[in-house]
Amino acid sequence: MSARRGVTNSRGAVAPGQMTRREFVRLAGFGAAAGLVPALAGCDSALGNSSWALRSATKTFLSAFQPLKAGAGDKNILFGAAAGQWALQADPAFATQIATHAGLLVPENELKWETVEPQPDTFNFTPGDWLADFATQHGQKFRGHTLVWHQQLPTWAGVGVTGAEAAQQLTNHIAKTVVHYAGRMHSWDVVNEAINPRDGRADYLRNTVWLQTIGPDYIDLAFRTAAAADPAAVLVYNDYGMEYDGSDADARRAGILQLLTRLKAAGTPVHALGIQAHLDPGITSFDAGKLVTFIRAVADLGLKIFITELDVIDQRLPADVATRDSEVAGVYAEFLGAALQDPAVTTVLTWGLSDRYTWLSNFRPRSDGLPVRPLPLDSSFQAKPALYAMLDAFQAAAPRPAS
Ligand code: G3I
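In this report, the structure presented in the accompanying data block is examined. Just so it is clear, the structure is predicted and the values come from calculations on it, not from any experiment.

## Describing unusual backbone geometry
Note on backbone geometry: most residues besides glycine have negative phi, and most peptide bonds are trans. Cis geometry is found at the peptide bond from H145 to T146, where omega equals 0 degrees. Within the secondary structure layout, T146 lies in strand β3 (residues 141-148). Here the phi dihedral of N76 falls at roughly 55 degrees; this positive angle occurs in a residue that is not glycine. Notably, F381 is not glycine yet its phi reads approximately 70 degrees, a positive angle.

## Regarding the environment of Q152
Following the sequence through the fold, Q152 ends up in the loop between β3 and α10 (163-181). Along the backbone, Q152 and E114 are 38 residues apart, and their C-alpha atoms lie at a distance of 5.5 Å. If we skip the residues at most four places from it in the chain, Q152 touches N109, K112, W113 and E114. A distance of 3.0 Å separates a polar atom in the side chain of Q152 from a polar atom in the side chain of N109.

## Quick look at empty space enclosed by the protein
Tallied over the full model, the rule gives 2 cavities of 30 Å³ or more. Of the pockets and cavities examined, the largest cavity occupies roughly 40 Å³. Within the lining of the largest cavity, the residues separate by chemical class into 6 nonpolar, 3 polar and 1 charged. Size it by volume and the second largest cavity reaches roughly 30 Å³. Per-element tally for the lining of the second largest cavity: the top contributor is β3, with 3 residues.

What counts and how
Residues numbered from 1 in each chain as written. Predicted model: local features only at pLDDT ≥ 70, side-chain atom pairs only at ≥ 80, totals over all residues. Heavy atoms only, no water. Helix = DSSP H or I, 4+ residues; strand = E, 2+ residues; numbered from the N terminus. Contact = heavy atoms within 4.5 Å. Polar contact = N/O pair within 3.5 Å; in protein donor to acceptor, adjacent residues only side chain to side chain. 1 Å grid on protein atoms, 1.4 Å probe; cavity = no way out; pocket = protein on both sides within 12 Å on 5 of 7 lines; lining within 4 Å. Points joined across faces, edges and corners; volume = space filled by probe spheres on them. Nonpolar A, V, L, I, M, F, W, Y, C, P; charged D, E, K, R; others polar.

In structure tokens:
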């Protein structure tokens, strides 16, 4: 391979250490030029692959390499990423990448209930504070994830208590955690993943310990408590499974919209919807129209939309790295191309930044044992086609009002 490597762009720039665009297309295995798209459209089986591959293998990236936060910032979109304290502390090169690309830092696990309040009314902010200080030192905004979730709860929370006692546990946890970071927090995921249509309720709520003990108003209580503790933070309802087509996603979108509509009608201080966007192209098809319509319906309630945990599950994608990277880039392009059409989408966060550290290595490994490649930087911190796909999506977006 040529010593001069890098994905080229319309201005001819080549990012150090990256393939040229011609190499990228060739290595994608199709030897296709952009002009072949119409001829091959609909012939995916001839390529032995999905339509994602066809679209992305012939993709030419327009953007020159630049930090993701700069590309997004050109349109007043905030780009950030989740990271763990242990990785940032142990790996200075990774810390440099997070500082370079992320305008906002999200603790991946450090602000979850089991870490922050492992015993009743005994709080541990040490790892969270380390990350908040990292963000301050690098001029980044800081974001809280997450106050109320049915996972990563300490064993005592909500167990063997009355409704009033459960409400006391919930409000004590939220008030003390949010006050601790008040003034430093851009936004909080106040409630995470409260919708689960499969639990069979008319209101689509997940049958969590908080629903069982307090009732559906636990969500309102959580938001009101957070707002009182930090009136400046953007308060977010965060959930997954609303990105794709299919009956499950239809039900999840309906449930989330119904919940947000009820919260707004009740005057509950919810300010934004977080769309996690753990995209899995191997499962079902993507319907841009459904996503765009859903986002507009949420925005019409007066809410902002944050993309909060973006990554691409490559479990079912081809083994060949160039082909896989190409398909992953295509998923980023198609999703962000749709989501960013709506100016209410103001923030884009990836769940991790480099393939070196990703939850998917453990949670969604490949059956062939190859390392997963879901993020914009590879495990050596080289920019992948996905990074250029993101820059192009930011470039194509309409500017948001300056905030
Ligand atoms: O803290 C222990 C550590 O003491 C122990 O040595 C180690 C051994 O494996 O486990 C550590 O806990 C792990 C924790 O991450 C911190 O690394 C847990 O086993 C592991 O289950 C946990 O996974 C996290 C997962 O949430 C929990 O459900 C992932 O890192 C994190 O990326 C993931 O993030 C979630 C979001 O919060 C919500 N949306 C979905 C997203 C992906 O699942």
